Amino acid sequence: QSYTRTSGPWSLGLTINPVLVRAGENGFLRKDTAEVPYGPRSRLVLLALQTRAVQTKSPSVSVEPSFTSFARILGLGTDGRSLRSLRAQMINLSLANVALSYRKKEKLSIYQGNIFSELHVNLQADENQRPIWPDEVRFSTDYYESLIQHALPIRSEAIHALRSSARSLDFYVFLAYRLRSLRKPTMITWGSLRTQFSDSQKGNIDTFKRQMIKTVADVAAVYPSAKIEQVRGGLKLFPSSSPVKTR
């Protein structure tokens, strides 16, 4: 399983590591049905764990004793289907390897590594079955240091309101980071927006445009200080305050 996305000079790649099933002298690795993280649940899980790491100032994060209680904290359903999906995305994140590259003229810079360096779980009696639920995760050193250095204030109420849409979550975090760093109005074309916020780069861009306009409205409702204007050819972003007032 792999995923790649390129936007301008930036490229992102995700791959999945095999699962360690049994440790010890004869420990072995096997392939699993894990996939690259996707959808709103993977984003909600990562945002929640990152928030705890920043709040506790520790790369090691204890997870709720059951994924039912964790689902409630994230504002998700606790029926069987919802819980299976949440568990799958947690495992997907735990096994994800990230590669990020930036190219400027003749220079190429690459970062690669795991999101988590450790994952502690309780296993089912049948060793061939997948882990039930992690007790604790530990962010990799590089990931954690970057997280602490570039921690981004976001509103938990906004994340809860947008929890059903991966695109809305992505756009909210994008604006929270981008708007506060702007020094002058900046336009982003529909084409650039589709490259960054759509899985499909084919077909009529008008379909994406309609979807994105709805996303903008949904995000603006929970980020009222965000100054965004729809203009011909795309969106214009204006310098704006952070969604969370800092002391």
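Model, not experiment: these values are computed from the prediction.

### Remarks on the nonpolar core
Logical step 1: Ranked by size, the top nonpolar core spans 56 residues in total, and within it L49, I115, F139 and F171 carry the most contacts.
Logical step 2: In terms of residues, this core owes the most to one element, helix 1 (residues 39-56), which gives 7 residues.

### A word on the sheet that holds strand 7 (residues 107-114)
Logical step 1: The 4 strands are arranged 1-2-6-7 in an open sheet whose pairing can be described as antiparallel. Both edges of this open sheet fall to strand 1 (2-7) and strand 7, since each of them pairs with a single strand only. Pairs of neighbouring strands in the sheet enclose a mean axial angle of 10 degrees, with direction left out of account.
Logical step 2: Sheet topology places strand 2 (residues 10-16) next to strand 6 (residues 96-104); 7 bridges connect them, and they run antiparallel. Counted as the bridge partner of T15 is N97 from strand 6.

### Describing unusual backbone geometry
Logical step 1: Residue K57 is not a glycine yet carries a positive backbone phi of 55 degrees.
Logical step 2: Along the chain, the position of K57 falls in the loop between helix 1 and strand 5 (60-62).
Logical step 3: Its relative accessible area of 67% is what places K57 among the exposed residues.
Logical step 4: Despite not being glycine, K105 shows a phi value in the positive range, around 55 degrees.
Logical step 5: In this structure, K105 sits in the loop between strand 6 and strand 7.

### Thoughts on the pattern of salt bridges
Logical step 1: Taken as a whole and judged by the stated rule, the model has 4 salt bridges.
Logical step 2: The partner of D199 in a salt bridge is R5, and the shortest N-O contact between them spans 3.4 Å. Residue D199 is found in the loop between helix 7 (190-197) and helix 8 (205-222), and its partner R5 is found in strand 1; the two are separated by 194 residues along the sequence.
Logical step 3: Accessibility expressed as a relative area gives 16% for R5, which makes it buried.

### So, the confidence of the model for the protein
Logical step 1: Here the protein shows a mean pLDDT of 85. Residues at 70 or above account for 88%.
Logical step 2: Mean pLDDT in the protein bottoms out at strand 4 (residues 28-30), which sits at 43, and peaks at strand 12 (residues 234-237), which reaches 97.
Logical step 3: Throughout residues 22-31 the model reports pLDDT below 50, and contacts reaching past four residues in sequence, or to other chains, amount to 14 contacts.

Rules and cut-offs
- One numbering rule holds for all chains: residues counted from 1, following each sequence as written.
- Under the rules for a predicted model, residues below a pLDDT of 70 receive no local features and side-chain atom pairs below 80 are neither given nor counted, while totals for whole chains, interfaces and linings still include all residues.
- Derived side-chain values reflect all non-hydrogen atoms in the structure, with water molecules and hydrogen atoms excluded from consideration.
- What is meant by a nonpolar core is a set of buried Ala, Val, Leu, Ile, Met, Phe, Trp, Tyr and Cys residues, joined one to another through side-chain atoms within 4.5 Å.
- Working definition: with a 1.4 Å probe on protein chains only, accessible area under 20% of the residue-type maximum means buried, over 50% means exposed, and in between means partly exposed.
- Where helices and strands are cited, they refer to DSSP runs of H or I of at least four residues and of E of at least two residues respectively, numbered from the N terminus.
- Only strands that DSSP links by at least two bridges are regarded as paired with each other.
- In this analysis an axis means a line fitted to C-alpha atoms, helices contributing only their contacting stretch, and an angle means the value between N-to-C directions, from 0 to 180 degrees.
- Whenever Lys or Arg places a side-chain nitrogen within 4 Å of a carboxyl oxygen from Asp or Glu, that contact is recorded as a salt bridge.
- Note: pLDDT gives the predictor's confidence per residue, expressed from 0 to 100.
- By the convention used here, residues are in contact when the closest approach between their heavy atoms is within 4.5 Å.

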